[in-house]
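Here is what each chain is made of, one letter per residue.
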Amino acid sequence: MLGQGRHTALALMSLLLLLWHEATPIEVPQDPKIQQDLKQPPTIVKQSVKDYIVDPRDNIIIECEAKGNPVPSFSWRRNGKFFNIGKDPRVTMRKRSGTLEIGFRSGGRPEDYEGEYQCFTSNDFGAALSNKILLRVSKAPLWPKEVLEPVVVTEGSPLVLPCNPPPGLPPPFTFWMNSAMTPIPQDKRVSMGLNGDLYFSNVVAQDAHTDYSCNARFLFTHTIQQKNPFTLKVLTKEPYNDTSYNATDPYGGRKVAESTPTFLSPSGSESSKMVLRDEQLLLECIAAGLPTPTIKWFKKGGDLPGHKVKFENFNKTLKIISVSEEDAGEYVCMANSHLGSIRHSISVQVKAAPYWLDKPTDLVLAPDENGRLVCRANGNPKPTIQWLINGQPIDSSPLNPSRQVLGDTIIFRSVQMGSSAVYQCNASNQHGYLLANAFVSILDMPPRMLGPKNQLIKVIENNRTFLDCPFFGSPLPELRWFKNGQGSGLDGGQYRVYINGTLEIKRARAEDEGTYTCVANSILGKAENQVRLEVKEQTRIVKFPEHQSAIRGSTARFNCKVKSDPSLPVTVTWTKDDKFLYLGWRLRKDDESLTIPNVNEGDEGTYTCTVKSEIDEDSASARLTVLDRPDPPMDLDLSDPAARSVRLTWIPGNDHRSTITEFLVEFEEDRWEPGRWQNLSTYPGDLNSVILQLAPFVNYQFRVIAINSVGQSQPSSPSPRYKTSGAAPDVIPRGLRGWGSKKDNMEITWEPLLDLERNGQNLHYNVWWRRKDVGEEWSNMTTEGSKHIIHNTETYVPYEIKVQARNEFGPGPESNMVIGYSGEDKPTDAPTDLRVSKVDSTKANIHWKSVDPNSVQGEFKEYRLYYCRESSLVPGLMVSKENKTKGFYSTTPQPSSILSDLVPYSKYKMFIVVANSRFEGPPSNSVEFSTKEGVPDAPRFFRINRRSFDTIYLEWDKPLEPNGILTGYQLKYQTVNGSRVGRQQLETFLPNMTDFTLRLPDRSTRYKFLLSALTQVGAGEVYAEESPHFTNEAYIDQVDIATQGWFIGLMCAIALIILILLIVCFIKRSRGGKYPVRDKKDLPLDSVDQKDQDGSFDYQNGSSVPDRNENENRSLESSDEDNKPLQGSQTSLDGNVKESDDSLVDYGEGGDGQFNEDGSFIGQYTVKKDKDETEGNESSEATSPVNAIYSLA
């Protein structure tokens, strides 16, 4: 029943913990103003270590420092009893600290103060405890005096020299040395154990010494104490000679009995070891035997933890750093030799002093809040937990209804002011203890703002932004944010408020600019602060520098175009290879680029452009690689000589960061063209040794040129000369042919061998020839030239010919037999019966009878037709007579072909001849024919003008080639609006009509026009145009300007000036004076084409149709028309131009004196500038109207 009741209580306790609402502990900021006003229990911030060993030569200092408000006081306990510091003159306590100082200048022994110390610190709100500090004085005892007898051992036997150092505090560090203070050499056979003893797996004669001494070094006193030395004597069965020793045979060839492995340490086959968690595990196995055994380690049931295990002392010691529970188990060491092996098992137990799982921390609560302290620790065995309050067991403290202890947890409910205290948790087991202080402070404080007032924050657009508002209060205030003093608080959406008061704007935009107010509220009051946010455009590089390769001496340019917020000044800096770039006099930097002129190797590297503003930055990098022509190859060497080849080897030069793609080998010879270097061959860039194919009878020297993407290197130094022996020619003379330069001869020609093809001296040629198919013998001759002429031949007969080169070393190969012909003569016969058939507008079929092949008297080439366009059938159309030819190859008796590309509606004349390679024969009969009518060409021009708001004026001219009798024109047009087109309309015109006026339904309508001329055959080539886009404003301005008062006044003033000038001119003329008038040039008009009675045009002299309406169709909105001269001449009926007797245009600048359509005068009258144009001896004073007025006056 009692057990059942306990389980029920534990279940109820767990349920209460689940249902109980705990307040979040208050985190007190480290703000100086808060800390100054904050009342808190003491907290120990510094104390001495638990196991405290001191040097007896120094004063003893035991540290204990704490903080709290009010400032805490300190007291000490020694060995569990109150330590009265005031009664001991050697002991003092530092001011505002609990640290003890024990001095021995006036006498006393440090050993008298050994013991267990504990510091107590307290103020009005509680008391804290330090750890129990075990104070011990370091000791360095002397080695006990002893007489050591010599150690005698048989060679090959094991040996242990004991050290047994005195038990110092802390334990000393031991090592073995000889009398010369030299460390005893240690190896696989001889080594020191963990206990300090010196182990010999087997003894050799060389081990016999009289000074094996163990030394102990004490760390605190920095002293070394030496044990009396051992004398080691080694008994050998055979005489021993020092000179016979070597490492591979330490026994010098002497016979020493071998022994199986045995363990010197540890003894037996099993042992055990306990180690504490987080400490260092050292396991040792030292074996004896001859030969010396080797040691191996493994762990039963698993692998050794490779990341933690180290093997030391020649594999005799296994070391694991920072042991954990999983390192427990059975470790086995095995000693091996060729005589056998033994094993020793070491059972390792891992225990643990208490260690924290959940260390209690300080707890600050507001009145009426809930909280808890948790103290969880683990160890092996499991530690016990004890709670204390202000240094006293909690069980003996007064009852507090707001506090409940539940094992390792203390629960606080509805705490009240005055219940602040310091709680201690002690976790202990047989291996140690843990002590932790944690205060519970009950605090009430109105809200406070801890950050700077009215802070200005500048952020980059579209970036995440944080507005800080650090605050504090107890109970913890509720914080809300407002923008521009409006709204119900910012939280949610793109806003997020953190518990520390920071407002996050997930993506700052321009509309997020403004003043943000954070308000902290609690039951004790309110506090607020403001932050001004400005959103700026991001600073970024919009045109990045790019990697580039530059040729040495050229100019490299890196772009770095920046876009930033106009209100943020930016700086642009350049670095090279992460170091500041000094520009100097050569490099140039502007706002958008870095220019490096005259690039050299030192400019190669990575260039980084960094642009910075006060709130952000951007950077971009690019690498510059400097390229150059390669250095010339070096050390040319010739090897492997042969009759017609040699191996050339070289060392490539520096490629200057552009891979060598090929090598060019050149040669120079001193026989035919000395001093001239010629190309021999090219080779891939990855070769540097090649076999050169050479010609006979040449004295060579070579050089090599390297080529990369930049260009060619300088040539290398020449190689030694290499001379090839002579040989008969290898090459057949090229270009062998036989042809007649006259009708009774044949010239046999060929190309002479090149100099490098001669292969020797005394080069000449053997030539053979004979008539083909007549069975005659070969004729031959020898010549040094490249030509031979055979005379008195028949006309155009075939010959078989061949040629051969030879020199002093013998003849070369004969050429293949080639057919040549003697000379040609003029053909004797003419083709007959030339005629045409199937004539249409552009082509005709021609027929003729061929000639006898023998009459050609040469190689038949073609029948050559000569034809000419005599005239056009269009009345009055003049054509140029041009003779044309066309060849036809045919061997049929009655050839025929098609003559194309003729002009329609024209008269042609032709004849035909036969031709061989040199001559033409007599002409055939002449034939005349006419082509039929065709469709006309496109009109010569097609213009579109707009004269008013609602009309378009179209004008065109007849085609250059009508290709028949024109019957009229057709005009197709449709409205266009972007990609949409309207219904097509058709207009036809008589042949004598060359203009058309189209009225527009809408001022903004645009049209597409398709104009073509017509004959009886059909419509000809189309001339397409679109009406230009006209604006209404120009017309409106011109119409409205005539109604303006200032314009009317100006026109009246101009008219008055003209009237005065006319009067002045009349007076001057009546007095007999003259004034110069600029000579008028004839303005010839194009002749008007006369029309036949049927309305068709008669083409006269090939002239074009005049632009009759050229002066009428000028657009009124065109500003260019202001500079046209005033037409002051009249045209007579016969087409001649009459010169005006008196033209006022000569006094105008630009002469625009035209009247607008509404009759208003829009010209401008200015003083004539051409004063130099005078006639005879007439006075120039009257030239200007102004001078005329002065003369009148």
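All figures in this text were calculated on a predicted structure; none of them were measured in a lab.

Engineer: Any details on the state of the cysteines? Residues and values, ideally.
Structural biologist: Summed over the entire model, instances satisfying the criterion amount to six disulfides. Residue pairing for C285: its cysteine sulfur links by disulfide to C333, the two sulfurs lying 1.8 Å apart. One disulfide, between C285 and C333, carries an S-S torsion of -65° and so falls in the left-handed class. Placement of C285 in the loop between strand 22 (281-284) and strand 23 (286-290) and of C333 in strand 27 (residues 329-337) is noted, with a sequence separation of 48 residues between them. The same class applies to C285 as to C333, namely buried.

Engineer: Describe the pattern of salt bridges, naming the residues involved and giving the relevant values.
Structural biologist: Tallying each qualifying case throughout the model produces 49 salt bridges. Of the charged contacts, one joins K227 and E146 as a salt bridge, the two residues approaching to 3.7 Å between their closest N and O atoms. Of the two residues, K227 is situated in the loop between strand 18 (223-226) and strand 19 (232-235) and E146 in the loop between strand 11 (133-137) and strand 12 (151-154); the sequence distance between them amounts to 81 residues. Judged by its relative accessible area of 31%, E146 is partly exposed. The partner of R464 in a salt bridge is E504, and the shortest N-O contact between them spans 3.1 Å.

Engineer: How would you explain helix 4 (residues 1045-1070) if you had to name every residue and give the values?
Structural biologist: Given a rise of 1.5 Å per residue, 26 residues ought to cover 38 Å, and the 38 Å separating the end C-alpha atoms of helix 4 matches this to within 8%. Of the positions making up helix 4, those classed as buried are F1047, M1051, I1054, L1061, V1064 and C1065.

Engineer: Requested: an account of the environment of P393, with residues and values cited.
Structural biologist: Looking at the element boundaries, P393 is found in strand 33 (residues 392-393). A relative accessible area of 33% places P393 in the partly exposed class. A C-alpha to C-alpha distance of 8.9 Å links P393 and Q424, two positions 31 residues apart in sequence.

Engineer: Could you give an account of unusual backbone geometry, naming the residues involved and the relevant values?
Structural biologist: A cis geometry characterises the amide bond from L290 onward to P291, with omega recorded as 5°. For P291, the position within the fold is in the loop between strand 23 and strand 24 (294-299). Across the junction of S474 and P475, the peptide omega takes the value 5°, indicating a cis bond. If you trace the backbone, P475 turns up in the loop between strand 41 (471-474) and strand 42 (478-483). Although it is not a glycine, Q857 sits at a positive phi angle of roughly 55°. Inspection of the secondary structure puts Q857 in the loop between strand 73 (844-849) and strand 74 (860-872). A relative accessible area of 24% places Q857 in the partly exposed class.

Engineer: Just give me the short version of the nonpolar core, but keep the residues and values in it.
Structural biologist: Judged by nonpolar contacts, the single largest core of 33 residues is most densely connected at I60, I62, W76 and Y117. In terms of residue count, the dominant contributor to this core is strand 11 (three residues). What I62 contacts, discounting residues up to four positions off in sequence, is S48, Y52, W76, G98, T99, L100, Y117, I133 and L135.

Engineer: Requested: an account of the sheet that holds strand 34 (residues 403-406), with residues and values cited.
Structural biologist: One open sheet accounts for three strands, arranged 30-35-34; its pairing is antiparallel. Only two strands of the sheet have a single partner each, and these edge strands are strand 30 (371-374) and strand 34. The mean angle between the axes of side-by-side strands here comes to 15°, regardless of whether they run parallel or antiparallel. In terms of strand pairing, strand 34 meets strand 35 (residues 409-412) through four bridges, oriented antiparallel. By the bridge assignment for strand 35, L406 is matched with T409.

What counts, and at which threshold
- Residues numbered from 1 in each chain as written.
- Predicted model: local features only at pLDDT ≥ 70, side-chain atom pairs only at ≥ 80, totals over all residues.
- Heavy atoms only, no water.
- Disulfide = S-S within 2.5 Å.
- Helix = DSSP H or I, 4+ residues; strand = E, 2+ residues; numbered from the N terminus.
- Buried < 20%, exposed > 50% of the residue type's maximum accessible area, 1.4 Å probe, protein only.
- Salt bridge = Lys/Arg side-chain N within 4 Å of Asp/Glu carboxyl O.
- Expected span 1.5 Å × (residues − 1).
- Core = buried A, V, L, I, M, F, W, Y, C linked by side-chain atoms within 4.5 Å.
- Contact = heavy atoms within 4.5 Å.
- Pairing = 2+ DSSP bridges.
- Axes fitted to C-alpha atoms, helices over the stretch in contact; angles between N-to-C directions.

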